[in-house]
Amino acid sequence: MATSIRVTALAAVIGACLGGSAWTTNVEAAGISEQSASEVNTYLIEFTDAGALHYQGGIGNMRATAPDPGARAKKFDAASADTKNYRNYLREQQQSHIATMASLLGHPIDVTHTYEITQSGIAARLTAAEAAKLASAPGVKSIEQEQIYHLDTYRGPTFIGADTVWNLAVPGGAKSRGKGVVVGVLDSGVNSTHPSFADDASCGFGPADHKLLSARDCASSSAGVCNGPNPEAVDSGHGVHTASTAAGNSVTNAASPSPNLVAPYTQMSGVAPCASLRTYKVCPADSCPGADINAGIQNAIIDGVDVINFSISGGTSPWSSSESDRKFLDAINADVVVAASAGNTSATITNPVGQVNHRGPWMMTVAASTQDVNMGPGISATGPGTPPANTQNLLSALGSNISAPVPFTDLPIRVSSTNLIGCTAGGAFPANFFSGAVALIQRGTCPFTEKVANAVTAGAQQVVIYNNTFGTINMNTDGATVPAYSITQAAGSALNTFITANGATPTTASLNARITGAVQGDVLADFSFRGPMPGNLADLTKPDITGPGVNIYAAGRAADGDYFTISGTSMSGPHLAGAAALVRAVNPGWTPAEVKSALLLTAKKSGTKEDTTTSWNIDDVGSGRVDLSRAPFAGFVLDETYANFLAANPTGGTINIKELNLPSVRNVGLTVATPNYTWTRVLRNTAFGPSTWNVAVDQPPGVTVTVSPSSFSFTGAGITNPEQIFTGNFENFAAPGSPETQTITITATTTAAMTNIAFGQVNFTEAGAGSPPAHITVAVKRN
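Residues numbered from 1 in each chain as written. Predicted model: local features only at pLDDT ≥ 70, side-chain atom pairs only at ≥ 80, totals over all residues. Heavy atoms only, no water.

With respect to the overall build of the chain
Then, in step 1: Along the backbone of the chain there are 15 helices and 37 strands.
Then, in step 2: The C-alpha radius of gyration of the chain comes to 27 Å, within 12% of the 28 Å expected for a compact globule of 783 residues.
Then, in step 3: Per-residue burial over the chain gives 58% buried out of 783 residues.
Then, in step 4: In the structure as shown, the chain presents an accessible area of about 28,700 Å², 52% of it carried by carbon and sulfur atoms. (Helix = DSSP H or I, 4+ residues; strand = E, 2+ residues; numbered from the N terminus. Rg over C-alpha atoms; globule rule 2.2 N^0.38 Å. Buried < 20%, exposed > 50% of the residue type's maximum accessible area, 1.4 Å probe, protein only. Areas by Shrake-Rupley, 256 points an atom, 1.4 Å probe, with all protein chains shown as cover.)

Now the structure itself:
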């Protein structure tokens, strides 16, 4: 077998991309400079032996350990006799491969990780020249340099309807709050002593059943298990925040440390507060090495988690063996739901359109939008006189240079009429212009750090930067020496107007550490990556769904003040992970694809773009905003197999991506020669008792969509009564038959070319209102 070696890394990390190169053992032939050939990096080496999830048998008397790729997803038993036998064999093979490679190099190999679940392989520290030499070693399938990825709720859970599930009589109690479901979080580590992760007796946790089942550091691994030295969050509280958002305990102000909630709020929790947690530290700081991520996925599969949250970038080439999305497909086939963040704008990617991450159709890719109440630092003008109402209690967000607000009272606040944006190119600020005062500066042109630095040079004690457009700001102020905050365009403009009107009379302001304030909910975050998907993925809708991701208050490290507020799709992702945990608690027999479909089918469709008035569309948020008052009770779901997901690879696959059984339909490549298209979807009944569904269409502009049949019914056969407790004789028990399914076709007909993609919805309504309404999104374009 020919072996290829591929080096892919961020330009900021290695300064070059050597992607897709075919290598020989001759370093000069590979085009590697003497310097790059001697630089040591981590390489992922995959061996020709199949991982335990993919072994089909055929070696000696060892039986197959791979699940049926065409069957419903089920948990992978990493400890079964057959799997243990094959894993022991893999370890022996790996040691043999490592010895051979060491002999070729003439020195021992620094192995940091070993993998045996999704693939058989290792991660090792090598120079590029050494990696090129090992590419042709016996038993080596591929070598590639690891990619480096980056880290992309007092109100959030109830805003998305989690309390509807918490209060269910069936399954009831702690189970309705996620008990029995295990959430795995791949992130920057945990704060294991935080009250959000303590053993809450009201959930049934205690000495024999811990809330935090395990915390792993994936800086190294052996036999698929992470064994690094420190699973705690040291350099970033990001992972603490995401874990507590998904499944943190219910915490009140009586907790130590206290969240210091502001009335009328008396407690905060994650979406699934009684779910168990396993954390996998795959990000030592803000960067996340691919070798560590791979180890975390392997370990989570071995641990048998039910849901994974992945608030980390990547997944733009989802079928590539080097991508996390491809390994997550293996996790999904092992009965794990995966929620992943869609990604955020940055200094290098300022336009979110078409940039969405985690493009695998099996992934639940999550955009970010607002909830209807925020809590955070509040700025108010205090004088002169009685300041206008629109200058009071202005919610602000912390710059990245501080972990907690620094309150002040009646400090002067000033704005420069000659350099509103505070950039050096605008002349900076006069000496001492902000002496002893707070600087108010508008966003624009230069980095936030430059604005803050110029204000500090002019004597500012604190800095407030207001947006120059709709939405909120994720403000990078790393290295700034004074507290910096961001506020909205409307808030900043109101302050500026008041300051300017006061002329030479000083304007004063105060900052409270924490206030609550109503905001417009279901507004798309301006930073949230969105579709449409590029190239050969154009007929797949991403992101899939949205959730609260703006100004989310959750647990942190001691260095973060124990609780802190941050924004990002990193924050919306764990809302969906927690939502999936609650859906699984109520419906333990649903596959990951079915759980995802229920969340999408029942999502709230209406919301706005960041301008707060224009309706968002399918390329912004997929099916809409998660609604847990409906998702667990979906009257039908859609499933898809591992085999079909693999076969839908646009490069060399055997089925078209449009054929996947997803709760969305899309074709943006219609032409005069092919003006129409028909999709087929298979719906599986989940409702006990008879149900009848009627179908109607919100027609996309310029398109006629028809559905056949336009009405259908289920008898409820094969579905057990969820409220009935079995009291019979198990020896005579007959399991119910398979649930009913209904095949539908959706046909789009066009008559002319279209300038833009047209969006619509296929709406399903149950005649007896026994199940919540459902919808399948439609996106069509004729060129």
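What about the pairing of strand β35 (residues 741–750)?
Then, in step 1: Sheet topology places strand β31 (residues 676–685) next to β35; nine bridges connect them, and they run antiparallel. Residue pairing for β35: Thr678 is matched across the bridge by Thr747.
Then, in step 2: Pairing of strand β33 (residues 703–708) with β35, which is carried by six bridges, proceeds in the antiparallel orientation. Paired with Thr704 across the two strands is Thr749, which belongs to β35. (Pairing = 2+ DSSP bridges.)

Considering the layout of surface pockets
Space left empty within the atom packing is revealed by a probe, the size of a water molecule, rolled over the atoms.
Then, in step 1: Estimated volume of the second largest pocket: approximately 980 Å³.
Then, in step 2: Around the second largest pocket, the lining comprises 34 residues; the ones closest to its centre are Val586, Asn587, Thr686, Thr720 and Pro722.
Then, in step 3: For the lining of the second largest pocket, the class distribution of residues is 17 nonpolar, twelve polar and five charged. (1 Å grid on protein atoms, 1.4 Å probe; cavity = no way out; pocket = protein on both sides within 12 Å on 5 of 7 lines; lining within 4 Å. Points joined across faces, edges and corners; volume = space filled by probe spheres on them. Nonpolar A, V, L, I, M, F, W, Y, C, P; charged D, E, K, R; others polar.)

Quick notes on the sheet that holds strand β19 (residues 394–395)
Then, in step 1: Pairing in this open sheet of eight strands is mixed, and the strands run β19-β18-β25-β21-β22-β23-β24-β20 from one edge to the other. Each edge of the open sheet carries a strand with a single partner, namely β19 and β20 (397–398).
Then, in step 2: Bridge count for strand β21 (residues 408–415) against strand β22 (residues 438–442) is three bridges, and the pairing is parallel. Among the inter-strand pairings, Val415 is bridged to a residue of β22, identified as Leu440.
Then, in step 3: Of the strands in this sheet, β22, β23 (462–466) and β24 (484–487) are in contact with helix α10 (residues 448–457), which crosses β23 at around 140°. (Contact = heavy atoms within 4.5 Å. Axes fitted to C-alpha atoms, helices over the stretch in contact; angles between N-to-C directions.)

Digging into α10
Then, in step 1: Every buried residue of α10 is accounted for by Phe448, Lys451, Val452, Asn454 and Ala455. Summarising the axial view, the buried residues of α10 lie within an arc of 165°, below the 170-degree limit, and thus occupy one face.
Then, in step 2: Those residues of α10 that are buried are in contact with β22, β23 and β24.
Then, in step 3: Trailing α10 by a residue or two, Gly459 shows a phi angle of about 100°, which is positive. (Arc of directions from axis to C-beta.)

Description of the packing of helix α8 (residues 290–303) against helix α9 (residues 324–333)
Then, in step 1: Running from N to C, α8 and α9 cross one another at 5°; their axes reach a closest spacing of 10 Å. Regarding the angle of α8 to α9, the classification is roughly parallel. Side by side, α8 and α9 meet where Ile293, Asn294, Ile297 and Ile301 of the first sit next to Ser324, Lys327, Phe328, Asp330 and Ala331 of the second.
Then, in step 2: Per-class residue counts for the contact of α8 with α9 are five nonpolar, two polar and two charged. (Parallel < 35°, antiparallel > 145°, perpendicular 65-115°, else oblique.)

Considering empty space enclosed by the protein
Then, in step 1: What the largest cavity holds in volume is close to 150 Å³.
Then, in step 2: Counting only elements with at least two residues in the lining of the largest cavity, the list comes to β16 (337–341) and α13 (592–601).
Then, in step 3: If you tally residues by element for the lining of the largest cavity, the top one is α13, at four residues.
Then, in step 4: By volume, the second largest cavity amounts to about 110 Å³.
Then, in step 5: Around the second largest cavity sit 13 residues that line it, and Leu44, Glu46, Gln119, Ser321 and Lys327 are the ones nearest its centre.
Then, in step 6: Broken down by element, the residue count for the lining of the second largest cavity peaks at three residues, all from strand β2 (residues 40–47).

Here we look at the state of the cysteines
Then, in step 1: Taken as a whole and judged by the stated rule, the model has four disulfides.
Then, in step 2: Through a disulfide, Cys203 is tied to Cys274; the S-S separation comes to 2.0 Å. Note on the Cys203 and Cys274 pair: the S-S dihedral is about -70°, so by sign convention the disulfide is left-handed. In this pair, Cys203 is assigned in the loop between β7 (182–187) and β8 (212–217) and Cys274 in the loop between β12 (267–268) and β13 (276–281), connecting sequence segments 71 residues apart. Here Cys203 matches Cys274 in class, with each residue buried.
Then, in step 3: With a sulfur-sulfur separation of 2.0 Å, Cys423 is cross-linked through a disulfide to Cys446. (Disulfide = S-S within 2.5 Å.)

Concerning the pairing of strand β15 (residues 307–310)
Then, in step 1: Of the two faces of β15, the one lined by Val307 and Asn309 and the one lined by Ile308 and Phe310 are each fully buried.
Then, in step 2: Pairing of β7 with β15 involves four bridges; the strand directions are parallel. Within the sheet, the bridge partner assigned to Gly184 lies in β15 and is Ile308.
Then, in step 3: In terms of strand pairing, β15 meets β16 through four bridges, oriented parallel. Its bridge partner being in β16, Asn309 is matched across the sheet by Ala339.
Then, in step 4: Read as a crossover between parallel neighbours, the route from β15 over α9 to β16 is right-handed. (Right-handed = clockwise from strand over helix to strand, strands pointing away.)

Things to note about the side chain of Asp620
Then, in step 1: Turning to its location among the elements, Asp620 is positioned in helix α14 (residues 618–621).
Then, in step 2: In terms of polar contacts, Asp620 uses its side chain to reach the side chain of Lys609, at 2.8 Å.
Then, in step 3: Ignoring any residue separated from it by four or fewer positions in sequence, one finds Asp620 in contact with Ala367, Leu524, Arg530, Pro543 and Lys609. (Polar contact = N/O pair within 3.5 Å; in protein donor to acceptor, adjacent residues only side chain to side chain.)

Some thoughts on the sheet that holds β13
Then, in step 1: If you walk across this open sheet you meet the seven strands as β8-β13-β7-β15-β16-β17-β26, and the pairing is parallel. Only two strands of the sheet have a single partner each, and these edge strands are β8 and β26 (545–548). Averaged over all pairs of adjacent strands, the angle between their axes in this sheet comes to 25°, without regard to strand direction.
Then, in step 2: Against the sheet, helix α7 (residues 238–247) makes contact with β7, β13 and β15, and its axis sits at roughly 160° relative to β7, the strand it touches most.

Some thoughts on the pattern of salt bridges
Then, in step 1: Under the defined criterion, the tally for this structure stands at 23 salt bridges.
Then, in step 2: A salt bridge links Arg87 to Glu116; its shortest N-O distance comes to 2.6 Å. One end of the pair, Arg87, is in helix α3 (residues 81–105); the other, Glu116, is in the loop between β3 (110–115) and β4 (121–127), with 29 residues separating them in the sequence.
Then, in step 3: The buried category is assigned to Arg87, whose relative accessible area is 7%. (Salt bridge = Lys/Arg side-chain N within 4 Å of Asp/Glu carboxyl O.)

Quick look at the environment of Ser313
Then, in step 1: Along the polypeptide, Ser313 turns up in the loop between β15 and α9.
Then, in step 2: Residue Ser313 is classed as buried on the basis of its relative accessible area, which comes to 13%.
Then, in step 3: Taking the C-alpha atoms as reference points, Ser313 and Ala579, 266 residues apart in sequence, are found 21 Å from one another.
Then, in step 4: Among residues more than four places away in sequence, those in contact with Ser313 are Tyr149, His150, Asp152, Asn357 and His358.

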